Amino acid sequence: MAARKDEIAAILKEQIKHFGQDLRMEEVGVVVEVGDGIARVWGLEHAVASELLEFPGEIYGLVLDLEEDSVGVALMGPDDHIKEGDQVRRTGRILETPVGESFLGRVVDPLGKPLDGKGPVKPEGYRKTDAKAPGVLMRQPVDTPLQTGIKVIDALTPIGRGQRELIIGDRRTGKTAIAVDTIINQKGQGVYCIYVAIGQKSSTVAKVVDALRRHGAMEYTIVVAATAEDPTPLQYIAPYAGCAMGEYFRDSGRDALIIYDDLSKHAVAYREISLLLRRPPGREAYPGDIFYTHSRLLERAARMADELGGGSLTALPIVETKAGDITAYIPTNLISITDGQIYLEADLFNKGQRPAMNVGLSVSRVGGAAQIPAMKEVAGQLRLELAQYRDLAAFAEFAEELDEASRAQLARGERVMEILKQDQYQPMPVEEQVVVLFAAVNGYLDDIPLEAVRDFERRLLSFMREERAEILDRLREERKLTPELREGLERAVREFHDSFKGGDA
């Protein structure tokens, strides 16, 4: 009997020795209210802002409101199967975005899930979706051009790598066209592009993707799409997710460009979430922190200091105005946050001026620092010509007769405006832009009929490529108009001008 007791004791001791308590502490909450993509959860005392919560059916939610006894959660998926009384678990994870080069050429949603039917994307890492912007000492001045390939922009409102330039205008004035052309122009420039579509129709996003694919731009572009049919919280986090993907390239010492199309719809999505969370409304029913919402996003665009890799993230946010009113709440907010704006005017668009940029209201606060010296020299003259033309055009509406000099100035201004027209999907290398604008500001268009100006431009560029290619090559390499190069360019333009006038023009 004693032996039996010893055996039992030995067995119990052995089992106690190998006994491992597999206890896991979980904080579980209960849904007390759900609807319109918003849930209120009771019982999660230790939840933190921007934390992901797990709902039944593998639906995740983002904590946006922290109250004394409950949290307000924006749902990242359909709320059809979520009901009052459901259990909600904390994940302990802050919202993160999958990033990496494997996303290039793909169309994904803000959570990194593919939308193009090409199979899953394997991320190379994760970054905080709503990251803090780099501080002042982590940045360096913007002085490297980011060429858009659009004459009027590269000459008059130049964009530098690391800049934030707002594209603003009424609907259907060519805002997205400028953004797409800029992406197409980055081919071979070593700039990775992210196009974020917020609250747009799926068909509109499909057209943009098709245009990028046709022009070979998808190989260096990521499209992040939160369309109008997606839940509002997805539309809200879309620009932050796209920005995190761009920061992956920026922080590895490379250059990236991000388009937010558009922040008007983003503001509306955030307003909807805020009102559903019962936050107090402010001007135009937008929440009081709408300015902060956009500024913390746009401040993430930067050119990093050399010791941090020297990479850059350039932002081109788009905002829609109503009836040309740039003094509305969201447009004025964004104008004050960004480093300049490209203002597209409906009247100019309807008159056939494409891009329909109002050169008087458009500005770049980086200016000539983001231009090559050759373009800076030509653009200075161009700006002067256009300013004189605008003043004269306004005066000519009321004056019955103009003197000869004024008429000549008006005629030159009309031709300069004509030469600034550019077709979509046809971005132009900077050296060709310099040649065309050089001809315009030096009077070589003055005696060309207005209707023949575009033909003159097309044939001049063809002549330069075929017979004076060395001038274009030197402009591309030297980037400035040396006296010798200027003389050669003048001689070539004059020769073509004389042959054009004497030919079938």
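What comes next concerns the included structure. (Residues numbered from 1 in each chain as written. Predicted model: local features only at pLDDT ≥ 70, side-chain atom pairs only at ≥ 80, totals over all residues. Heavy atoms only, no water.)

### Re the environment of G35
Part 1 of the reasoning: Here G35 shows up in strand β1 (residues 28-35).
Part 2 of the reasoning: The sequence separation of G35 and L75 amounts to 40 residues, and the corresponding C-alpha distance is 9.6 Å. (Helix = DSSP H or I, 4+ residues; strand = E, 2+ residues; numbered from the N terminus.)

### Considerations on a positive patch on the surface
Part 1 of the reasoning: A cluster of basic residues, R171, R172, K201 and K207, forms a positive patch on the protein surface.
Part 2 of the reasoning: Turning to its location among the elements, K207 is positioned in helix α4 (residues 202-214).
Part 3 of the reasoning: Residue K207 is classed as exposed on the basis of its relative accessible area of 62%. (Patch = residues over 30% accessible without salt bridge, like charges linked within 9 Å, V, L, I, M, F, W, Y side chains within 5 Å. Areas by Shrake-Rupley, 256 points an atom, 1.4 Å probe, with all protein chains shown as cover. Salt bridge = Lys/Arg side-chain N within 4 Å of Asp/Glu carboxyl O. Lys, Arg positive; Asp, Glu negative; His and termini not counted. Charge placed at Lys NZ, Arg CZ, Asp CG, Glu CD. Buried < 20%, exposed > 50% of the residue type's maximum accessible area, 1.4 Å probe, protein only.)

### Topic: a nonpolar patch on the surface
Part 1 of the reasoning: A surface patch of nonpolar side chains, amounting to about 300 Å² of accessible area, comprises I8, L12 and I16.
Part 2 of the reasoning: Assignment of secondary structure puts I8 in helix α1 (residues 2-17).

### Here we look at the side chain of H497
Part 1 of the reasoning: By the secondary structure assignment, H497 is in helix α15 (residues 483-502).
Part 2 of the reasoning: The buried category is assigned to H497, whose relative accessible area is 10%.
Part 3 of the reasoning: Leaving out residues up to four positions away in the same chain, H497 has contacts with Y444, D447, I448 and F456. (Contact = heavy atoms within 4.5 Å.)

### Re the packing of helix α12 (residues 430-441) against helix α13 (residues 453-467)
Part 1 of the reasoning: Relative orientation of the contacting elements α12 and α13 amounts to 125°, with a least axis distance of 10 Å. Taken together, the axis directions place α12 and α13 in an arrangement best described as oblique. Here the hand of the crossing between α12 and α13 comes out right-handed. Residues E432, V435, V436 and A439 of α12 form the contact with α13, whose own contacting residues are F456, E457, L460, L461, M464 and R465.
Part 2 of the reasoning: Grouping the constituent residues of the contact of α12 with α13 by class yields seven nonpolar, no polar and three charged. (Axes fitted to C-alpha atoms, helices over the stretch in contact; angles between N-to-C directions. Parallel < 35°, antiparallel > 145°, perpendicular 65-115°, else oblique. Left-handed = near helix turned anticlockwise from the far one by under 90°. Nonpolar A, V, L, I, M, F, W, Y, C, P; charged D, E, K, R; others polar.)

### Digging into unusual backbone geometry
Part 1 of the reasoning: Note the cis peptide between D261 and D262, where omega equals -5°.
Part 2 of the reasoning: Position of D262 relative to the elements: it lies in the loop between β13 (255-261) and α6 (263-276).
Part 3 of the reasoning: Here R354 and P355 are connected by a cis peptide whose omega angle stands at 0°.
Part 4 of the reasoning: By the element assignment, P355 lies in the loop between α9 (346-350) and β16 (363-364).
Part 5 of the reasoning: Residues other than glycine seldom take positive phi values, yet E58 does so here, at roughly 55°.
Part 6 of the reasoning: In this structure, E58 sits in the loop between β3 (51-55) and β4 (59-66).
Part 7 of the reasoning: Given a relative accessible area of 66%, E58 falls into the exposed group.
Part 8 of the reasoning: Positive phi is not limited to glycine here, since R172 has a value of about 60°.
Part 9 of the reasoning: Tracing the sequence through the fold places R172 in the loop between β10 (166-169) and α3 (175-185).

### With respect to the sheet that holds strand β5 (residues 70-75)
Part 1 of the reasoning: An order of β1-β2-β5-β4-β3-β6 is seen for the six strands of this closed barrel, with the pairing classed as antiparallel. Averaged over all pairs of adjacent strands, the angle between strand axes in this sheet comes to 45°, irrespective of strand direction.
Part 2 of the reasoning: For β3 and β4, the ladder comprises four bridges, and the chain directions are antiparallel. Within β4, the residue paired with E54 across the bridge is Y60. (Pairing = 2+ DSSP bridges.)

### Examining the pairing of strand β6 (residues 87-94)
Part 1 of the reasoning: One ladder, built from three bridges, connects β1 with β6; its direction is antiparallel. Opposite G29, over in β6, you have V88 as the bridge partner.
Part 2 of the reasoning: The pairing of β3 with β6 spans three bridges and is antiparallel. Opposite E54, over in β6, you have R89 as the bridge partner.

### Re the environment of A440
Part 1 of the reasoning: Structurally, A440 is set in helix α12.
Part 2 of the reasoning: Residue A440 is classed as buried on the basis of its relative accessible area, which comes to 1%.
Part 3 of the reasoning: Along the primary structure A440 and Q381 are separated by 59 residues, whereas in three dimensions their C-alpha atoms are 9.7 Å apart.
Part 4 of the reasoning: Residue contacts for A440: discarding those within four places in its chain leaves R412, V416, I419 and L445.

Everything listed here is a matter of coordinates, which is why it stays silent on function.
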